[in-house]
Amino acid sequence: MNRAPTSATTELMFLRLVADSFTRRPRRKVLTTAALALGMAVVTAALSVSLDVGDRLASEFRSLGANLVVTPAADSLPLEIGGVDYRPVNAGAYLPESDLPKIKTVFWHNNIIAFAPVLEVSAKFPIETVFAPGAPPRTIPEMPIVVIGTWAAHPVPLPDGGTFTTGITKTNPWFRVDGKWFSDQRPIERFNVGSMGHTYLPGNPECVAGEKLAARRSLHIGDQVVVAPAADVQNMQSCDVTGILSTGGAEDDALLMSLSEVQRLAGKPGQYRKLYLSALTKPEDAFGRRDPTTMKPAEVERWMCTPYISSIAASIKEVLPGTDVRVIRRVAEGEGTILTRVRALLWMVTLAALLAAALAVGASSAASVIERRTEIGLMKALGAGSGTVGFLLAAEQLLLAFVGGGIGYSLGIVLARLVGQRIFGVAPAPSMLVLVAVLVLAAGVTLLGSAIPMRRASRYEPAPIMRGE
Amino acid sequence: MGAQGTQNRQMFWRIVRRLLTANRGRLFVILLALGAGAAVTSALLNLQVDAKRRLTTEFRRFGANVLVTPSDVSRASAVLNTLPASIMDRISLESKSSRATADPFLYFTSVLNLKTAQSPSQIPVVVVGTNLSKLDQISPSWQWKRMMPQLEAERPCILGVRLSSQILKRKWDAILLAPGAQSKNLGGGSNSYECTELSEFSSGGPEDDQFFMPLADAQRYSGMEERISVVQLSVPGTAREVDEYIAALRQRLPDAEVRPIRQFTEGESKIYSRISGLLTATVVIVLLLTGLCVMAAMTNVAMERRNDVGLMKAIGGATRRVLRLFLAEAALLGFAGGMMGAAAGIFLSIWLGKQVFGVAAQPRLIVYPVAVALTMIVAILSAYPLRRLAGVRPASVFRGEA
């Protein structure tokens, strides 16, 4: 009785039956497919967004600024209150700027988004210090200020020949400048040299004034300011204010210039004191928190090959000898915990979406089998075995699953793009993995959904059904 | 007329009952689809409401986000510039969603003397006086290396990791804070302070170089009784709530400067808006598509009703009454499915909340009526295609024409 179709004619008949069921009542099939497609669209959108967003969220968190700080290992303790260091001028150690390109050679160089060296020098305003255009030179009552030297957007030549542009604007994204940041190089200016014509010489360096300093001393964009290091008042330097900086921190009271200018002011050419570094990391778990010195070799390898903040710190310490690389706990820990939570949240939402879609699709395919009682009865009356009937229905459901799943996938991709674009400004790329997952899920859910009514169908007695009971 | 009406109504509900129970399998399928929709709806709505609130709480792991400093910050006198300690009483900790934390800090520099028999050494340090018991709340990210501060200790000292590494390099019998040549901010206090209890932490910030002691001792030691340098506040809530809090605090403290730590307030608000946008978008899409999905499943079922409609019309049922019948059935189904789904949704949301935040999401009662109502609307809407049944011609149905 339960022979599976073997000969060529039965196979042909089988295909014809499947095709017929699609063409005879297209509207019903369209509806079932629509339910399937919609459900799978949910799954696709949720999956693509969660897969893609995990990475994107991590970079989003980098708007909190640097999570690593590098200082000289041999440094004396800074006596810093409110951003002012009260150490004697020559106390403390410095680090060579020439080592910095090495940072981009560490194993995790792609995870290092930005870094910025900082050198501070306490300075004074000498007499006749502000030259505003169209106004007589002004004097600022003598008072100490901090001049911070750093990179705004500095091209770092890499050992492999490329350049990497980085600076404080990237490590501290909350710094806002009204006007523009100073440029790293002195602008080239044209000077008239009497009867000899003209010559091009480096002009004044540019600088950015903290907003409180600017407000208190009424500095404006376009003014020229003269500063001198407190230790060596003769070594004056004038600069053009190109912007007013607002940070909400100690920098609001400082004057910022390019690192090379401050190195000259401080008499520390090629040196810096502190390096801020922003790295993409994996949130630390129990394993990441362990001390690598107590690990077995295999574990150390695993630890080094995971972008934990501590392993990135260790690899940076290797290329920058004589430094202390410390994790800015406040940023790193908070970021890690929240990132873990948010990822979990996303996956849970995805899971819920999957569940709902699966149940709805399963229900719809169950309904589509239930409604075909009569047809099944007829087939059985004509001598079809339960196996054949089940096989036929399963083939139909699978075909539906693939068509519906495919349509749902394309629909879901559009949705995911919409959401990604809206929220992150970047659309997630369509992924083959999601397509496969969606098709498998669609096939599984439809088969599972139709399995129960199908089993009942295979037990139907043809006679009562044909009688309409 | 009255008896007729009652009879009609009785008949109406009888037919509805028969429609519902005629095919158990189908009833189960519809209820499953509707219930799944309702469960996910209620769970997601609940989670979304809960997640937004919880995220702002999580953000407090970043520590303080608002500072109160003396308003005259001219550099020359900044070190001597302090606030009266009484300012703490004027800081209201009530913010919109939950309580803020405030902690006073007093900064000055002094010299740490490491006493030994042979060669005593000195380390100039920044001394921070604060409420040690609150350090944990205001800076939850610090890693305590040796021991947590023990508050019973008579004279506890907490060392930043870089300071403690300097100390560990040398030999000493006792650690004593005493005024030295480099001391600034000292108003004339002259007592020394000997540590009886040491602990160490790392923060990755300037605190790593600092020396922490109880506020009252620090005030007495430095001679700055009842003075503080800065108040750190950790204010929970969304960006707007924090801004409102700052504005309110500014009004209360005209003599001090209140400012947000922009690094965290801006970063947080950016992240928060992204995440809540993402959540809302996902929830809306899931709800919409789940609704459509249920609708498609329902419509499929509804289409088999052609025969029923044909029969009813054939024995004289008016189209409107027939439609009302089906609408009543759909509403009933939606209600039942919605109730069951919402009940399941309670458990689902509790479980989801546990998975994500480690704490069960508090069920929001408002969510459940909304979920049931939404399910009913979806059920009734999905009966909309039944309108086409109005055009069913009984004769053609009975002839078996599709």
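Residues numbered from 1 in each chain as written. Chains lettered and ligands numbered in written order. Predicted model: local features only at pLDDT ≥ 70, side-chain atom pairs only at ≥ 80, totals over all residues.

Scanning chain B for helices and strands turns up 12 helices and 13 strands. Taking all 402 residues of chain B together, the buried fraction comes to 44%. Residue pairs in contact within chain B that sit at least 24 positions apart in sequence constitute 84% of those at least 6 positions apart. (Helix = DSSP H or I, 4+ residues; strand = E, 2+ residues; numbered from the N terminus. Buried ≥ 20, exposed ≤ 12 C-beta atoms within 10 Å, placed from the backbone. Contact = placed C-beta atoms within 7 Å.)

Another point: the nonpolar core. By size, the foremost hydrophobic cluster in this structure holds 218 residues, and its most contacted members are A:Val147 and B:Phe211. For A:Val147, the contacting residues outside a window of four places in its chain are A:Val121, A:Ala123, A:Val227, A:Ala254, A:Leu255, A:Met257, A:Val262 and A:Leu265. (Core = buried A, V, L, I, M, F, W, Y, C linked by C-beta atoms within 7 Å.)

Residues and elements named next belong to chain B. Domain parsing of chain B yields domain 1 (7-57 + 271-398) and domain 2 (65-260). In terms of residues, the side of domain 1 that touches domain 2 owes the most to one element, helix H2 (residues 24-58), which gives three residues. For the side of domain 1 that touches domain 2, the class distribution of residues is one nonpolar, two polar and one charged. (Domains from an automatic or database assignment. Nonpolar A, V, L, I, M, F, W, Y, C, P; charged D, E, K, R; others polar.)

Attention now moves to the environment of B:Met88. Residue and element names in this part refer to chain B. Here Met88 lies in helix H3 (residues 87-90). Residue class for Met88 comes out partly exposed when judged on the 16 C-beta atoms lying within 10 Å of it. Spatially, the C-alpha atom of Met88 lies 15 Å from that of Val235, the residues being 147 residues apart in sequence.

Here we come to the interface of chain B and chain A. In many analyses, interface size is given as the accessible surface area lost on bringing the parts together. Contacts between the two partners involve 76 residues from chain B and, on the opposite side, 71 residues from chain A. Elements with a minimum of two residues in the side of chain B that touches chain A: H2, strand E3 (101-115), strand E4 (121-130), helix H5 (161-168), strand E13 (256-260), helix H8 (262-302) and helix H10 (319-357) of chain B. Looking at the side of chain B that touches chain A element by element, the count peaks at 25 residues for H8(B).

What follows covers unusual backbone geometry. Not every positive phi belongs to a glycine, and A:Ser218 is a case in point at roughly 35 degrees. Look at A:Ser218 and you get exposed, because 11 C-beta atoms sit within 10 Å. In the Ramachandran plot, B:Glu226 falls in the positive-phi region, its phi being about 60 degrees despite a non-glycine side chain. Looking at where B:Glu226 falls in the secondary structure, it is placed in the loop between helix H6 (215-222) and strand E11 (227-228). Residue B:Glu226 is classed as exposed on the basis of its C-beta count, with 11 C-beta atoms lying within 10 Å.

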